[in-house]
Amino acid sequence: MGMTPQEIYQLVAPELVRVEEELRAYTHSDISPISEIGEYVLNGGGKRIRPALLLLTAKMIGPVSPMAIRLGAVIEFIHNATLVHDDIIDAADTRRGRPSANAQWGNSMTVLAGDWLYMKSFAVALSEKNIEVLNTLIGITQKMVEGELLQLTLLGKSQITQKQLLDIVERKTAYLFSGCTKLPAIAAGMNHGAAGRLEEIGKSLGMAFQLIDDLLDLTSTADVLGKPVASDLKEGKMTLPVLFAIHNGIPEDTIKVQRVLDERDFRSVDRAEILGMVQQSDGLTRTRKVAEDYARRAIQLLEEFPPSIYRDAIAGIPEFILNRTA
């Protein structure tokens, strides 16, 4: 029987408290909007999955150094900065069941606060005086921006390939997860081979995480998600379950999906119709299968590392990812 999410988090609970203290310290600024928006974003109900993964990796390969704690905070800061910018780009009103930062403070102030969060992340990373850490974080951030730009170029287009969609998922989500597993290896001075394998573990977990996110966008409820159901399609974004539906459905299905993408709303086509199409084409099952393949790869790569309770915990994360409801 695998560990529960609570048991996994418990293994790094003391270290997560220290990460949280770092995060609070980083948001302090003499410029009040920065402190206010920073605090608001950090209090938004995030599960701290990324710093938890970083800390579990650090414990799997050795003792947790002060650098690992700071890098856990940096990773979460970058994640939150990304969410702030995503909400502005998507014109999102809600995030995790409450008004988004841009809905509270407006786009101009929020985008600058997001920029500040990014810069603070790199300032903290720079203080580590480790060029490989800095290179890794810059590379990850570049990939994330590339993913956002790639998604924007394909916005509103139903004619998109599976390869293009997975490329967006990899850049926007999986690369940050890869940092969670690679950075502890750099901090511990491990060789490039071991660091590379850990990086691949994180990337595979990130791919699985986002693909399940895309499923939940269609199958969950607004109360559970903290945002409207099927909001991806309404924002003009194709996801893998919907792609499977139009590749395996009838031409009318593609027309319906394109209509939602064009209208940026469910005026002519009902949400239930889209979900029905996805279910009939086995889009949900097929997307889950792709996510499971990535999760399996992460577990296989983990077997190259010595057995420990921390390795078991990371191996239990795929089950948590695949069975999550929000």
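Our subject is the structure listed above.
Rules used throughout
- Residues numbered from 1 in each chain as written.
- Predicted model: local features only at pLDDT ≥ 70, side-chain atom pairs only at ≥ 80, totals over all residues.
- Heavy atoms only, no water.
- Helix = DSSP H or I, 4+ residues; strand = E, 2+ residues; numbered from the N terminus.
- Buried < 20%, exposed > 50% of the residue type's maximum accessible area, 1.4 Å probe, protein only.
- Contact = heavy atoms within 4.5 Å.
- Expected span 1.5 Å × (residues − 1).
- Arc of directions from axis to C-beta.
- Core = buried A, V, L, I, M, F, W, Y, C linked by side-chain atoms within 4.5 Å.
- Patch = residues over 30% accessible without salt bridge, like charges linked within 9 Å, V, L, I, M, F, W, Y side chains within 5 Å.
- Areas by Shrake-Rupley, 256 points an atom, 1.4 Å probe, with all protein chains shown as cover.
- Salt bridge = Lys/Arg side-chain N within 4 Å of Asp/Glu carboxyl O.
- Phe/Tyr/Trp six-rings, centres within 6.5 Å; stacked < 30°, edge-to-face > 60°.

A. Up close: the side chain of Asn80. If you trace the backbone, Asn80 turns up in helix α5 (residues 66-90). Residue Asn80 is classed as buried on the basis of its relative accessible area of 1%. When near neighbours in sequence (up to four residues on either side) are disregarded, Asn80 contacts Val41, Leu42 and Arg96.

B. How the structure looks around helix α16 (residues 283-302). Between the first and last C-alpha of α16 there are 29 Å, a value that for 20 residues agrees with the 28 Å anticipated at 1.5 Å per step. Within α16, the full set of buried residues consists of Gly283, Leu284, Thr287, Val290, Ala291, Ala295, Ala298, Leu301 and Leu302. End-on, the buried residues of α16 take up no more than an arc of 135°, which puts them together on one face. Residues of α16 that are buried make contact with α4 (49-61), α9 (162-187), α10 (192-219), α13 (240-248), α15 (271-280) and α17 (309-323).

C. Looking closely at the nonpolar core. Among the nonpolar cores identified, the biggest contains 101 residues, and Leu137, Leu205, Leu233, Met238, Val257 and Ile274 are the most heavily contacted of them. Sequence-distant contacts of Leu233, that is, excluding residues within four places in its chain, are made with Met238, Val242, Val257, Val260, Leu261, Phe266 and Ile274.

D. Seen up close, a nonpolar patch on the surface. Among the surface-exposed residues, Ile89, Val145, Leu149 and Leu152 lie close enough to one another that they form a single nonpolar patch of about 340 Å² accessible area. For the nonpolar patch, the element with the most residues is helix α8 (residues 131-153), which contributes three residues. Its place among the elements puts Leu149 in helix α8.

E. View of unusual backbone geometry. Within the chain, Arg48 stands out as a residue other than glycine whose phi angle is a positive 60°. Here Arg48 shows up in the loop between α3 (32-42) and α4. Of note in the backbone geometry, Arg264 takes a positive phi value of approximately 55° without being a glycine. Classification of Arg264 by relative accessible area gives partly exposed; the value is 33%.

F. Inspection of the packing of aromatic side chains at higher detail. Summed over all chains, the structure comprises three aromatic pairs. Relative to Phe77, the ring of Tyr26 lies with its centre 5.8 Å away and its plane at 85°, an arrangement referred to as edge-to-face. A residue pair is termed long-range when its members are at least 10 positions apart, and Tyr26 in helix α2 (residues 13-26) and Phe77 in helix α5 qualify at 51 residues. When sorted by exposure, Tyr26 lands in the same class as Phe77, which is buried. An angle of 75° between the planes, with centres 5.1 Å apart, marks the rings of Tyr40 and Trp105 as edge-to-face. With Tyr40 in helix α3 and Trp105 in helix α6 (residues 101-105), this residue pair connects regions lying 65 residues apart in the sequence. For Tyr40, a relative accessible area of 16% translates into the label buried.

G. Quick peek at the side chain of Asp87. With respect to the helices and strands, Asp87 occurs in helix α5. Contact partners of Asp87, with chain neighbours within four places excluded, come to Ala92, Arg95, Ser100 and Asn102.

Note that all results are geometric; they support no functional claim without further evidence.
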